[in-house]
Number of protein chains: 2
Amino acid sequence: MDKANKSSYAARAAVLKALAHPTRLWIVDQLASSERCVCEFVNEVDADFSTVSKHLSVLKQAGIVADDKRGNKVFYKLIMPCTRQFMNCINSVLRNEAAARTAALERTV
Amino acid sequence: MDKANKSSYAARAAVLKALAHPTRLWIVDQLASSERCVCEFVNEVDADFSTVSKHLSVLKQAGIVADDKRGNKVFYKLIMPCTRQFMNCINSVLRNEAAARTAALERTV
DNA sequence: TGAGTATTTGGCAAAATTACCAAATATTGG
DNA sequence: CCAATATTTGGTAATTTTGCCAAATACTCA
């Protein structure tokens, strides 16, 4: 693996890393339907204001969301819509795994 | 966000977390075309035997790859093929970002 | 201007990740 | 069985991530 290749993989890994957190994933899911302001998230997530803000900052840094300040609120929107497809992909795999586990259990009965 | 929801997001985040490392991403890319044995990776990645083995273990744990021991070699194969589509998604976003950066630079000239 | 609301930032401690080395395990072939 | 090869596992130090608190910043409205 040469140097150019290495940094290319690092760039992609950085996007994945930004998505790889339950709260951030949930945020992305929320943003899939429409933009939201930070205050809306804080009410629904069991975490500090500052924690939510930092999660959003991670997503923004990775190029997954963009922010837009209007009044004293900051609205975030998804600018990497294809994450949605990927979630479907992961979901189907997780469902398969769950089904496989169930089947394995039933064989032991 | 209720408890069931929370653990569902955690499960998906775990898959993403497993993918979120340059070396692991590279491994997944290699496995996209065909199965490989650990020894093949070690020669190409600039890392210790044990490091590669642990990366593979992370991917396996996440349900992304499966292993198959034949002789004294262990072969790994991709069992979550849709990761490929997602990489395309990420790549297109990264290309857009690069293009945007270039455009921004040119505006300053 | 000043109080109130919304959000970000800095600091810090706890937890998780990473990568190396050394040692253990498994398998093949002589 | 023994030596050689392939891989995994345990231990550990360095680095990164996470999440809270407190403080700073930004904006609105009276």
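Draft legend 1. Inspection of the protein's contact with DNA strand C at higher detail. Residues in close proximity to DNA strand C total 23 residues, the closest being A:C39, A:S53, A:K54, A:Y76 and B:H55. Of all atoms in DNA strand C that approach within 4 Å of the protein, 64% are sugar or phosphate atoms. Within the contact set of DNA strand C, a base nitrogen lies 2.8 Å away from a side-chain nitrogen or oxygen of B:S50. Looking at the surface near DNA strand C, the elements with two or more residues in it are helix 3 (38–44), helix 4 (49–61) and strand 3 (73–78) of chain A together with helix 4 (49–61) of chain B. Residues belonging to the surface near DNA strand C are distributed by class as follows: 7 nonpolar, 9 polar and 7 charged.

Draft legend 2. Fine view of the environment of A:I90. Tracing the backbone shows A:I90 in helix 5 (residues 83–108). Separated by 39 residues in the primary sequence, A:I90 and A:T51 place their C-alpha atoms 26 Å from one another. In contact with A:I90, not counting residues within four places along its chain, are B:R12, B:V15 and B:L16.

Draft legend 3. A look at the interface of chain A and chain B. Counting from both sides, the interface comprises 32 residues of chain A and, opposite them, 32 residues of chain B. A buried area of about 3000 Å², summed over both sides, lies between chain A and chain B, and 75% of it is on carbon and sulfur atoms. Remark: the boundary between chain A and chain B carries 0 salt bridges. On inspection of chain A and its partner chain B, the count reaches 4 residue pairs in polar contact (both at pLDDT 80 or more). Elements that contribute at least two residues to the side of chain A that touches chain B include exactly helix 1 (3–19), helix 2 (22–33) and helix 5 of chain A. For the side of chain A that touches chain B, the element with the most residues is helix 1 of chain A, which contributes 10 residues. The class makeup of the residues in the side of chain A that touches chain B is 21 nonpolar, 4 polar and 7 charged.

Draft legend 4. Quick peek at the pattern of salt bridges. All names here are of chain A. For the structure shown, the criterion picks out 7 salt bridges over all chains. Between K60 and D67 there is a salt bridge whose closest N-O contact spans 3.0 Å. A relative accessible area of 34% means that D67 is categorised as partly exposed. Salt bridges sharing common partners tie together E35, D68 and R70.

Reading the values: the criteria
Residue indices begin from 1 for each chain and proceed along its sequence in written order. Starting at A for chains and at 1 for ligands, labels are handed out in the order in which the entities are written. Predicted model: local features are reported for residues with pLDDT of at least 70 only, side-chain atom pairs are reported and counted for 80 or more only, and whole-chain, interface and lining totals are derived from all residues. Hydrogen atoms and water are omitted, and side-chain values are computed over all heavy atoms in the structure. Consider each residue's heavy atoms; a residue with any of them within 4 Å of a molecule or strand counts as near. In the analysis that follows, any N or O atom pair within 3.5 Å is treated as a polar contact, provided that within protein one partner can donate a hydrogen and the other can accept it, and provided that, for residues neighboring in sequence, both atoms belong to side chains. Helix and strand definitions follow DSSP, with helices as H or I runs of at least four residues and strands as E runs of at least two, each counted in order from the N terminus. Under the scheme applied, nonpolar residues are Ala, Val, Leu, Ile, Met, Phe, Trp, Tyr, Cys and Pro; charged residues are Asp, Glu, Lys and Arg; polar residues are all the others, including Gly. Contact between two residues is taken to exist if any of their heavy atoms lie within 4.5 Å; hydrogens are not considered. Once two parts are joined, some of their accessible surface, as seen by a 1.4 Å probe, is lost; buried area is that loss totalled over both. Each salt bridge in this description consists of a side-chain nitrogen of Lys or Arg and a carboxyl oxygen of Asp or Glu lying within 4 Å of one another. Residue burial is assigned from relative accessible area. The probe radius is 1.4 Å, only protein chains are included, and a residue is buried under 20% of its type maximum, exposed over 50%, and partly exposed in between.

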